[in-house]
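# Structural overview
In case you want the letters, here they are:
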Amino acid sequence: MTIRTWSDPVTPAEITEIAALVRSDERIGERPRFWGIAVEESLARALSPGQGRPVRLVVMNPDAHAAWEVTGWTSGSDREASLSGWSPVDAKRPGVSSDEARMVAVAARNSPILKEALARRGIHDSSLVWVDPESITGFEPEDLADRRLSWGTVWHRESEDDNGYARPVAGLVPIIDLETLEIVRLEDHGVIPMASETGNYRSGTWGPDREVAPLEIIQPEGPGFHVDGHSVTWQNWSFRIGFTHREGLVLHDVGYQDGETLRPVLRRAAINEMYVPYLDADPTAYRKNFFDWGEYGAGPLTASLELGCDCLGEIRYFDAHYIDGYGDAKTIVNGICMHEEDDSILWKHVNTRTGEADVRRQRRLVISFFATVANYDYGFYWSLYQDGAIELEVKLTGILSVSGIEDGAEPAYGRMVAPHVQAPTHQHYFAIRMDTAIDGPRNRLVEVHAEVEEDETLNPFGNAVRMVSTTIGSESEAARSNDASRAVHWRIESTERTNRYGDPTSFRLVLPNTTRLFAKPGSVVERKAPFIAKHLWATAYDPSERFIAGEYPNQAPLGEEGITAWQQADRPLDGAELVVWPIVGVHHYVRPEDWPIMPLQRIGFRMEPDGFFDRNPALDVPPSVSKAHCHAPTADARAARTELPMAGGGHACACH
Ligand SMILES: [Cu+2]
């Protein structure tokens, strides 16, 4: 049996024993709400497997307008479970659990004033109405600003199994007190006709399914990875899988076995925050700007892949656990998926003189999870490659967050997707946190760009171009912008190890050159998430600086916490325990084809060894051997296939 290590996800037994201790304290009142238990990693790192672990969670007493951050220790080989501290937290600011959201939704749709407003729109069965409580940060009405609040988007379904996000009830905005579950205000901006076309997307709605040929991925000898508890090795890579309430999947201690040496690359990597602002002044849309991780939490939003597996082949799943809003341990069966994928060509050359072809197919190990954030579905796929590269791919799908629109009107800040339905332009920003450990804990961030050689004696033909490297010396310089036209990229260097050319060993960080924020200075969107203005941030590691928008961004004072506040310390970064924060963003100018369900969009980034190795580290990948031949077989070839010898040295086919 594998003994739990410090980085393993919090277990149901740990959640249960800690929640029991919290419940025995009378200050939490009759109907406490819980949020966000996770292991305190900075304290846990020094522990031995099997020891009790430090944890932190939030508990709220909605009747007393009070909340606490509770710390404690789970039981283990060395201790009984215990609580160690109760620190008051501003009761407005803890994230909203799915259970709290459901309480609000039920209370709202049973509210007489909402029913009355629905009746004005011809909706008399409120059981078919959904009210989604949305975070209100920055838009709290002044006279209600000390309450824990939410505002609601309102949706109508034609039947129980209708797409719940296809028929917006336009013009209606309830403001809801999350503690008392009352609608404290109801804005009605006027009746607009409902969507007149179905938004259903399930098989058969729009005609019969097309035919597709079967496709199977078979690994007859099983997968190429080895798993021990939450520790994984694959090819030369090793890492441990973690999972937190706030971030979902976490990768710990990612290292690369280079001969006899296990060389560290990343100490920790996770999606730290997601920010989604809508860029439309419509009264039901302008408040839409969400910190989906800090205001809700990726952990509980993680989809069980039992409900619909999105991986193909030999898959290893990991369950994930979280505390629900009532303080009970919940398990997401198959929350994390890990599998190997064929990924086209690793390297190839044909010697045209001799006709010899050398080709190696690329393989990657993919560790992924999907979070369903109300209407949207986000997949997060970390890939490790045989050439030492690490990639994050974010996959966006699900249902657009739409608004109603008047007859004959044209959407000024969006696109029409169905009759009486428009989808506002919006953005999705993903803030990734990586605690780097390139060949050890001390690293350096270097920005690289291309520049023409201005010295004419050195550049007589005008074509000489330098790559200019600039060390980012301290945090005041560590808010960086991309510029693809100057080939901007970054290097994360070891300050302790050099390669055979005397250069620091390093990894290159390549980020997509995406749009940034357009909202005006001083706007809520601009002040709430200042980190989206740049593509890359860096800080010196501090265990208390965990989340880019701050510990509790829900109803927080705008822009006062998080990375822009931390960086004012201007700590030196050269040789620091470096934390880098790439911000990748999608500017989503919607297409009609994104409706009624959105085909996958992708965004992500790549880290690749850059002087980390002395040469291509994947020269030892053998030619692939496949039983299946990849050319479209002619009838003759099909007949002859059984007689075709495998070419010497395994010259199996590799198409691309
Ligand atoms: Cu979008």
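The structure presented is a predicted model; accordingly, all values stated were derived computationally and were not measured.

### Some remarks on the overall build of the chain
Within the chain, the secondary structure is distributed over 8 helices and 31 strands. Rg of the C-alpha trace for the chain: 27 Å, near the compact-globule value of 26 Å for 656 residues, within the 12% margin. Projected onto its principal axes, the C-alpha coordinates of the chain cover approximately 85 × 65 × 65 Å. Within the chain, the proportion of its 656 residues that are buried is 53%. Relative to all contacts within the chain whose residues are 6 or more apart in sequence, the contacts with residues 24 or more apart total 67%. Taking the average place of the 64 positive charges on the side chains of the chain and the average place of its 97 negative ones, the gap between the two points comes to 1 Å.

### Description of the packing of aromatic side chains
Taken as a whole, this structure holds 20 aromatic pairs when the rule is applied. Between Tyr378 and Phe430 the ring centres are 5.7 Å apart and the planes differ by 70 degrees, which places this aromatic pair in the edge-to-face class. A residue pair is termed long-range when its members are at least 10 positions apart, and Tyr378 in strand β18 (residues 376-385) and Phe430 in strand β23 (residues 426-436) qualify at 52 residues. According to the relative accessible area criterion, Tyr378 is buried, its value standing at 2%. Ring centres of Phe612 and Phe613 lie 5.0 Å apart, and the angle between their planes is 85 degrees; this geometry places the pair in the edge-to-face category.

### A few points about the domain arrangement of the chain
Under the domain assignment used here, the chain contains domain 1 (12-89), domain 2 (105-188), domain 3 (225-618) and domain 4 (626-654). In this assembly, 26 residues from domain 2 lie in contact with 27 residues from domain 3. The three residues of domain 2 that bury the most area against domain 3 are Thr137, Phe139 and Tyr165, which together make up 32% of that side's buried surface. Counting across the domain 2 and domain 3 interface gives 1 salt bridge. Among the ionic pairs, Glu187 bridges to Arg287, the shortest N-O distance being 2.5 Å. Where domain 2 touches domain 3, the interface holds 8 residue pairs in polar contact (both at pLDDT 80 or more).

### Focus on the confidence of the model for the chain
Per-residue confidence for the chain gives a mean pLDDT of 93; residues scoring 70 or more make up 95%. Ignoring residues within four places in sequence, the model shows residues 637-656, a span with pLDDT below 50, making 26 contacts including any to other chains.

### Overview of the sheet that holds strand β27 (residues 489-498)
Taken together, 10 strands build an open sheet; the order of strands is β15-β16-β17-β18-β19-β31-β28-β27-β24-β25 and the sheet is antiparallel. Of all strands in the sheet, those with a lone pairing partner are β15 (315-323) and β25 (465-471), marking the two edges. Between one strand axis and the next, the sheet turns by 25 degrees as a mean value, whatever way the strands run. Where β27 and strand β28 (residues 504-510) come together, 5 bridges link them in antiparallel fashion. Residue pairing in the sheet places Glu493 in a bridge with Ser506 of β28. Along the sheet face, helix α1 (residues 12-23) touches β15 and β16 (329-350) and points at about 0 degrees away from the line of β15.

Rules used in this analysis
- Residues numbered from 1 in each chain as written.
- Predicted model: local features only at pLDDT ≥ 70, side-chain atom pairs only at ≥ 80, totals over all residues.
- Heavy atoms only, no water.
- Helix = DSSP H or I, 4+ residues; strand = E, 2+ residues; numbered from the N terminus.
- Rg over C-alpha atoms; globule rule 2.2 N^0.38 Å.
- Buried < 20%, exposed > 50% of the residue type's maximum accessible area, 1.4 Å probe, protein only.
- Contact = heavy atoms within 4.5 Å.
- Lys, Arg positive; Asp, Glu negative; His and termini not counted.
- Charge placed at Lys NZ, Arg CZ, Asp CG, Glu CD.
- Phe/Tyr/Trp six-rings, centres within 6.5 Å; stacked < 30°, edge-to-face > 60°.
- Domains from an automatic or database assignment.
- Buried area = accessible area lost by both parts, 1.4 Å probe.
- Salt bridge = Lys/Arg side-chain N within 4 Å of Asp/Glu carboxyl O.
- Polar contact = N/O pair within 3.5 Å; in protein donor to acceptor, adjacent residues only side chain to side chain.
- pLDDT = per-residue confidence, 0-100.
- Pairing = 2+ DSSP bridges.
- Axes fitted to C-alpha atoms, helices over the stretch in contact; angles between N-to-C directions.

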